[in-house]
Amino acid sequence: KDAAAITALPDRISYLFRYYLRPVYLIFDQFEELFILGTEKEQQILAETLVKLTQMEAACRVILIVREEFIGQLYNLEKQLPRLFDFRLRVEPMGYSKVTEVVEKSCQNYHISLEEPIQQSTKAIYDNISGGKSGIQLPYLQVYLDQLYRDAFLKKYPDQDAPNTETWPRLTFNLPGIKALGDIEDVLGRF
């Protein structure tokens, strides 16, 4: 059943393209799961389907998102799709200065103040996420800031009703709140 759905993909993409006259983007997130959970037959069926998709006249773009340690697993797929690695982008962990920039700009965009001294707050956020390692992954920062936002929101609006005057209510991230949130393992556990 699943194999039939995958092999029918080129026809469905062709139909979508003809109907909407717009390029179709297929995004395969966590593509490494194909190698962790998929059988050899499933891998082969998907590889053949991807080859067909790249040979279609309809505008179809395929984006594969895969963890770096699984890049070697794409060797067999590269034999069938020689241009597989022509357009690649490596998302690297962010260092302290990039994290600081993301935190400050995010706070600015969403009406969040960072309690003075700002450098102390951003350093505490970075330290809580990095766990002493150099660099942090963007998804961890996203989850951390989301949880920090939720905590600050509940403290300021315990009844969970935000004022209707602004799209984003004014909040403050402070050092005690950042420390209370804990390190990334605790945050991910609660998330």
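Quantities reported herein were computed from a predicted structural model and do not represent experimental measurements.

What counts and what doesn't
- Counting starts from 1 at the beginning of each chain's written sequence and moves along it residue by residue.
- A pLDDT threshold of at least 70 governs which residues receive local features in this predicted model, and a stricter bar of 80 or more applies before side-chain atom pairs are shown or counted, although totals over entire chains, interfaces and linings include all residues.
- In computing side-chain values, all of the structure's heavy atoms are included and hydrogens and water are not.
- Relative accessible area decides the class of each residue, using a 1.4 Å probe on protein chains only: under 20% of the type maximum gives buried, over 50% gives exposed, and in between gives partly exposed.
- Counting from the N terminus, the helices are DSSP H or I runs at least four residues long and the strands are E runs at least two residues long.
- For two strands to be treated as a pair, DSSP must find at least two bridges joining them.
- Two rings from Phe, Tyr or Trp (for Trp, the six-membered ring) form a pair when their centres sit within 6.5 Å of each other. Planes less than 30 degrees apart are called stacked, planes more than 60 degrees apart edge-to-face, and all others tilted.
- Salt bridges are defined as contacts in which a side-chain nitrogen from Lys or Arg sits within 4 Å of a carboxyl oxygen from Asp or Glu.
- By this rule the span expected of a helix is its residue count minus one, scaled by 1.5 Å.
- Working note: the arc is built from the helix axis to C-beta atom directions.
- We call a set of buried Ala, Val, Leu, Ile, Met, Phe, Trp, Tyr and Cys residues a nonpolar core when their side-chain atoms join them within 4.5 Å.
- The contact criterion used throughout is that any non-hydrogen atoms of two residues lie within 4.5 Å.

Once that is clear, we can look at the pairing of strand β1 (residues 24–28). Across a regular strand the side chains alternate sides, sitting on one face of the sheet and then on the other. Residues of β1 alternate between two faces, with Val24, Leu26 and Phe28 buried on one and Tyr25 and Ile27 left unburied on the opposite face. Examined bridge by bridge, β1 and strand β2 (residues 60–64) share five bridges and lie parallel to one another. Bridged to tyrosine 25 within β2 is arginine 61.

Here we come to the packing of aromatic side chains. Across all of its chains, the model carries seven aromatic pairs by this definition. Taken together, the ring pairs connect Tyr15, Tyr19 and Tyr20 into an aromatic cluster.

Here the focus is the pattern of salt bridges. Taken as a whole and assessed by the stated rule, the structure comprises nine salt bridges. One salt bridge in this structure joins arginine 90 and glutamate 68, with 2.7 Å as the shortest N-O distance. A residue pair is termed long-range when its members are at least 10 positions apart, and arginine 90 in the loop between α5 (75–80) and α6 (96–109) and glutamate 68 in the loop between β2 and α5 qualify at 22 residues. Lysine 98 is the salt-bridge partner of glutamate 101, the closest N and O atoms lying 3.7 Å from each other. On the criterion of helical spacing, the pair formed by glutamate 101 and lysine 98 is a turn pair, its members being three residues apart in helix α6. Where salt bridges share partners, they join Glu32, Arg67 and Glu69 into one cluster.

Moving on to helix α2 (residues 9–20). For α2, spanning 12 residues, the distance from its first C-alpha to its last is 16 Å, which sits close to the expected 16 Å at 1.5 Å a residue. Considered for burial, the residues of α2 that qualify are Leu9, Pro10, Ile13 and Ser14. Along the axis of α2, the buried residues cluster in a sector spanning 135 degrees; they form a single face. Of the residues in α2, the exposed ones pointing more than 90 degrees away from the buried face are Asp11, Arg12, Arg18 and Tyr19. A positive backbone phi angle near 55 degrees is found at leucine 21, which sits one or two residues after α2.

Val103, Ile125, Leu141, Tyr144 and Phe173 are the most contacted members of the largest nonpolar core, which has 27 residues in total. Among the elements that make up this core, the one with the highest residue count is helix α8 (residues 138–156) (eight residues). In this view, isoleucine 125 contacts Val103, Leu141, Tyr144, Leu145, Leu148 and Ile178; residues no more than four positions away in its chain are not counted. In this structure, Leu9, Leu26, Leu81 and Leu84 belong to the second largest nonpolar core, which totals 23 residues.

In this model, glutamate 116 is joined to proline 117 through a cis peptide bond whose omega is -10 degrees. With respect to the helices and strands, the residue proline 117 is situated in the loop between β3 (112–114) and α7 (118–130). With a phi close to 55 degrees, leucine 21 is a non-glycine residue in the positive phi region. With respect to the helices and strands, the residue leucine 21 is situated in the loop between α2 and β1. The residue histidine 111 is not glycine, and still its phi comes out positive at about 60 degrees. Residue position: histidine 111 is located in the loop between α6 and β3.

Along the chain, the position of threonine 49 falls in helix α4 (residues 40–55). If we skip the residues at most four places from it in the chain, threonine 49 touches Ile6, Thr7, Leu9 and Pro10.

This brings us to α7. At 3.6 residues per turn, the α-helix brings residues three or four places apart onto the same side. With 13 residues, α7 should reach 18 Å at 1.5 Å per residue; the first-to-last C-alpha distance of 18 Å fits that figure. Along α7, the residues that are buried comprise Ser121, Thr122, Ala124, Ile125, Tyr126, Asn128, Ile129 and Ser130. Contacts made by the buried residues of α7 are with α6, β3, α8, β4 (171–173), α9 (175–181) and α10 (184–190). Within two residues after α7, glycine 131 carries a phi angle of roughly 60 degrees, on the positive side.

The quantities given are spatial measurements derived from coordinates; they are silent on function.
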